[in-house]
Amino acid sequence: MAVIISSMIADQIDVDETNHHIRREGLFVSLQSWIISMSSVIAVISSGIALNAIGFEALNGPEQSHFSILAMRIFLVVGTVVSAGIGYWLIKKYNYSEHSQTL
């Protein structure tokens with residue numbers, strides 16, 4: 001995804017320059033960094049909430065309940081599918097035509 005996102009940002013910088021007659025790549029790169037930081041924070045907080053919700057006990061070590069293990073598997077699968085679906089939907093909304101002059 002890092003390669004795709006970087007090339008998409010480069011395209012958006014060119015479109016933005018065409019529309020506004022000013023080069024603002026710093027804005028786009030800083031926004032990308034901010035989004036990556038916030039998504040990391042959200043992932044860490046969400047994983048902690050999910051572990052608490054399923055009853056995971058760190059003190060039990062590998063002797064977790066069967067429900068906890070099953071719930072972790074379900075969260076992993078559902079979280080991956082949902083986040084991939086959101087990413088796919090966002091990429092489908094991206095206009096990648098060479099002749100496009102708008103976002």
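Residues numbered from 1 in each chain as written. Predicted model: local features only at pLDDT ≥ 70, side-chain atom pairs only at ≥ 80, totals over all residues. Heavy atoms only, no water.

1. Details of the packing of helix α2 (residues 25–54) against helix α3 (residues 66–93)
So, step 1. Where α2 contacts α3, the axes come no closer than 9 Å and their chain directions differ by 145 degrees. The chirality of how α2 crosses α3 is right-handed. On the side of α2, the interface is formed by A50, L51 and I54, while α3 contributes F67, S68, A71, M72 and F75.
So, step 2. Partitioning the contact of α2 with α3 into residue classes produces seven nonpolar, one polar and no charged. (Axes fitted to C-alpha atoms, helices over the stretch in contact; angles between N-to-C directions. Helix = DSSP H or I, 4+ residues; strand = E, 2+ residues; numbered from the N terminus. Left-handed = near helix turned anticlockwise from the far one by under 90°. Contact = heavy atoms within 4.5 Å. Nonpolar A, V, L, I, M, F, W, Y, C, P; charged D, E, K, R; others polar.)

2. Brief notes about the layout of surface pockets
So, step 1. There is about 230 Å³ of room inside the second largest pocket.
So, step 2. Taken together, A43, S46, S47, A50, L51, I54, M72, F75 and L76 form the lining of the second largest pocket.
So, step 3. Looking at the lining of the second largest pocket, the elements that each hand over two or more residues are α2 and α3.
So, step 4. Examining the composition of the lining of the second largest pocket, we find that six residues originate from one element, α2, more than from any other.
So, step 5. For the lining of the second largest pocket, the class distribution of residues is seven nonpolar, two polar and no charged. (1 Å grid on protein atoms, 1.4 Å probe; cavity = no way out; pocket = protein on both sides within 12 Å on 5 of 7 lines; lining within 4 Å. Points joined across faces, edges and corners; volume = space filled by probe spheres on them.)

3. Describing the UniProt feature "transmembrane region" (unreviewed entry) in the protein
So, step 1. Mapped onto this structure's residue numbering, the UniProt feature "transmembrane region" (unreviewed entry) falls at residues 33–55 and 67–91.
So, step 2. Helix makes up 96% of residues 33–55 and strand makes up 0%, while its end C-alpha atoms are separated by 34 Å. (UniProt positions renumbered as here; feature names shortened; annotations may be inferred.)

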